[in-house]
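Now for the letters of each chain:
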Amino acid sequence: SNTNDNITNDTTPTISGTGTNGDTITVVMPGTGEVLTAVVSGGVWSVTPTQALANGTANVRVTATDPAGNTSPVTLVPVTIDTTPPAAPTVTPQVTGDSRPIITGTATLASGETLQVTVNGATYNVTVTNGTWSLDTATATPASGSGALGSFTAGQTYSVTATVTDAAGNSTSDTSSGEISVVTAVLAGRLDASSDSGITGDARTNDTTPTINGTGR
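Being a predicted model, the structure only gives us computed values, none of them experimental. (Residues numbered from 1 in each chain as written. Predicted model: local features only at pLDDT ≥ 70, side-chain atom pairs only at ≥ 80, totals over all residues. Heavy atoms only, no water.)

A. The arrangement of the overall build of the protein in detail. When helices and strands are tallied, the protein shows 0 helices and 21 strands. Its C-alpha atoms give the protein a radius of gyration of 25 Å, more than 25% over the compact-globule value 17 Å for 217 residues. Taking the principal axes of its C-alpha atoms as reference, the protein extends roughly 85 × 35 × 30 Å. Here the protein, with 217 residues, has 32% of them falling under the buried criterion. Taking the intrachain contacts of the protein between residues at least 6 apart in sequence as the baseline, contacts between residues at least 24 apart amount to 58%. Counting only carbon and sulfur atoms, one obtains 49% of the accessible surface of the protein, whose full area is about 11500 Å². (Helix = DSSP H or I, 4+ residues; strand = E, 2+ residues; numbered from the N terminus. Rg over C-alpha atoms; globule rule 2.2 N^0.38 Å. Buried < 20%, exposed > 50% of the residue type's maximum accessible area, 1.4 Å probe, protein only. Contact = heavy atoms within 4.5 Å. Areas by Shrake-Rupley, 256 points an atom, 1.4 Å probe, with all protein chains shown as cover.)

Structure (structure tokens):
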């Protein structure tokens, strides 16, 4: 999640800030009315409520009081609590003779949500277009992990984990497993990525002389 958007799935979030050493910070939490105090030390302060906040956006009220008893105007700090998980994505099962398979599925992303797909030891950031996603393992660059591109082995079954994460850090993964079964094939062909003008992996192109590539033995 974005560390600066004030959105969290933590219902007892720590509130922190800066101030003048020795000042007493008073924080009033929204909804619960819980009052928390902290003394500024080293130019910083923080408080953590004990009562859970409800889902939604509300303002935390913050004031500072100096040792002479002067109190600052109220500062409003908007905080959004979101504990609702995203909708689950899907992965389309396939049996293939391609050692560099194109993996597909569906996902419905709300604003601020992202999709990552993990397979064969690597995790990829994947774009969703019109409710579908496609991952070409022959050309995609992993965001993390040590999986080797095109290292799918005939006779093996691979599980794919598609995970949607929202701005608050809530995540939901697909519920299937063992979606990719790689079989021994004498010949496998595909539309080359250089000729794929539409959604990657859909075998549709506006190139009237498309390049076709494949593997064989």
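B. Representation of the nonpolar core in the model. Ile103, Leu115, Val117, Val119, Trp133 and Leu135 are the most contacted members of the largest nonpolar core, which totals 19 residues. With near-sequence residues (within four places) excluded, Ile103 lies in contact with Val91, Gln94, Val119, Trp133, Ser134, Leu135, Thr137, Val160 and Ile180. Listed in part, the 15 residues of the second largest apolar core include Met29, Ala38, Val40 and Val60. (Core = buried A, V, L, I, M, F, W, Y, C linked by side-chain atoms within 4.5 Å.)

C. How the structure looks around the pairing of strand 10 (residues 102-106). By the bridge criterion, 2 bridges tie strand 8 (residues 90-91) to strand 10 in an arrangement that is antiparallel. Its bridge partner being in strand 10, Thr90 is matched across the sheet by Thr106. (Pairing = 2+ DSSP bridges.)

D. Representation of the sheet that holds strand 4 (residues 35-39). Taken in spatial order, the 5 strands make up an open sheet running 1-7-6-3-4, and their pairing is mixed. On the outer flanks of this sheet lie strand 1 (7-8) and strand 4, each paired with one strand and no other. Here strand 3 (residues 24-28) pairs with strand 4 via 5 bridges, running antiparallel. Across the sheet, the residue bridging to Val27 is Leu36, located in strand 4.

E. Spotlight on the environment of Leu191. Tracing the chain through its elements places Leu191 in strand 20 (residues 187-191). Once the C-alpha coordinates of Leu191 and Ser171 are considered, the two residues, 20 residues apart in sequence, prove to be 33 Å apart. Residue contacts for Leu191: discarding those within four places in its chain leaves Asp196, Ala203, Arg204, Thr205, Pro210, Thr211 and Ile212.

F. Representation of the side chain of Ser195 within the structure. Tracing the backbone shows Ser195 in the loop between strand 20 and strand 21 (212-216). A polar contact is formed between the side chain of Ser195 and the side chain of Asp207, at a distance of 3.4 Å. Beyond its immediate sequence surroundings of up to four residues, Ser195 is in contact with Thr205, Asp207, Pro210 and Thr211. (Polar contact = N/O pair within 3.5 Å; in protein donor to acceptor, adjacent residues only side chain to side chain.)

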